[in-house]
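# Observations on the three-dimensional arrangement
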Amino acid sequence: MLALNIPELKNFMNQLLCSDTFDHFLLKEATIQKDAVWNFDGTVTPDFYSSEELEEQGLSGLAFLPYGRVRQHCFDLIKGKRTPAYFKFVFLLSPDNLSRTLASMQTPFTPQDVTGMFLNLKFQNGNLMLTTGVSYRIFSTDKSLEHEWDRLVEIFLKNHNIVIEKLG
């Protein structure tokens, strides 16, 4: 697990809320606390869509919505003169991106072995922290996948000019 501080909040928030930087991740959940606490459950409600709509909108086989579909709602809640007291976002790779990432790593783990590869964002007390995580369907003491995921996340952030400070 990688734990990072994000010191340049304005740049990061612009990337999170006003650009497509994180749109390819799925949103598992989000909480935004301002005048009220707003909770998002990113779970796709398949009964809301017809089979054709699921296919057309690229939602077939997804358990969670792509962040790009709810980013504007998050922006609308966060924007304004007052900074939220707290927010948390839990992102994960889509099944396609999970498969591509595992293939590029040349790891012995398969998509069937991994429940998710996560990015967790938490803003609290004026600090923004990003942590990574990997959830498995199998038992393994091999941490190579987690280390490689951490490395890829650092590259992703660097490629998007997001300044990071490693914690502990």
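This report concerns the structure included in the present document. (Residues numbered from 1 in each chain as written. Predicted model: local features only at pLDDT ≥ 70, side-chain atom pairs only at ≥ 80, totals over all residues. Heavy atoms only, no water.)

Helices and strands together make up the secondary structure of the protein chain, namely five helices and seven strands. What you see in the protein chain, going N to C, is helices and strands ordered as β-α-β-β-α-α-β-α-β-β-α-β. The C-alpha atoms of the protein chain give a radius of gyration of 16 Å, which matches the 15 Å a tight globule of 168 residues would have. Along the three orthogonal principal directions, the C-alpha set of the protein chain runs to about 50 × 45 × 25 Å. Burial statistics for the protein chain: of 168 residues in total, 43% are counted as buried. In the protein chain, 66% of the contacts between residues at least 6 apart in sequence involve partners at least 24 apart. Total accessible area on the protein chain is roughly 9600 Å²; 51% of this is exposed by carbon and sulfur atoms. The average position of the 16 basic charges and that of the 20 acidic charges among the side chains of the protein chain differ by 9 Å. (Helix = DSSP H or I, 4+ residues; strand = E, 2+ residues; numbered from the N terminus. Rg over C-alpha atoms; globule rule 2.2 N^0.38 Å. Buried < 20%, exposed > 50% of the residue type's maximum accessible area, 1.4 Å probe, protein only. Contact = heavy atoms within 4.5 Å. Areas by Shrake-Rupley, 256 points an atom, 1.4 Å probe, with all protein chains shown as cover. Lys, Arg positive; Asp, Glu negative; His and termini not counted. Charge placed at Lys NZ, Arg CZ, Asp CG, Glu CD.)

Right, let's talk about the layout of surface pockets for a bit. Volume-wise, the largest pocket comes out at about 260 Å³. Considering the residues around the largest pocket, the lining is formed by 15 residues, among which L9, M13, L17, I78 and P84 are closest to the centre. Put simply, the parts of the chain that give the lining of the largest pocket at least two residues each are α1 (9-18) and α3 (71-78). Looking at the lining of the largest pocket element by element, the count peaks at six residues for α1. Residues that form the lining of the largest pocket fall into these classes: nine nonpolar, three polar and three charged. (1 Å grid on protein atoms, 1.4 Å probe; cavity = no way out; pocket = protein on both sides within 12 Å on 5 of 7 lines; lining within 4 Å. Points joined across faces, edges and corners; volume = space filled by probe spheres on them. Nonpolar A, V, L, I, M, F, W, Y, C, P; charged D, E, K, R; others polar.)

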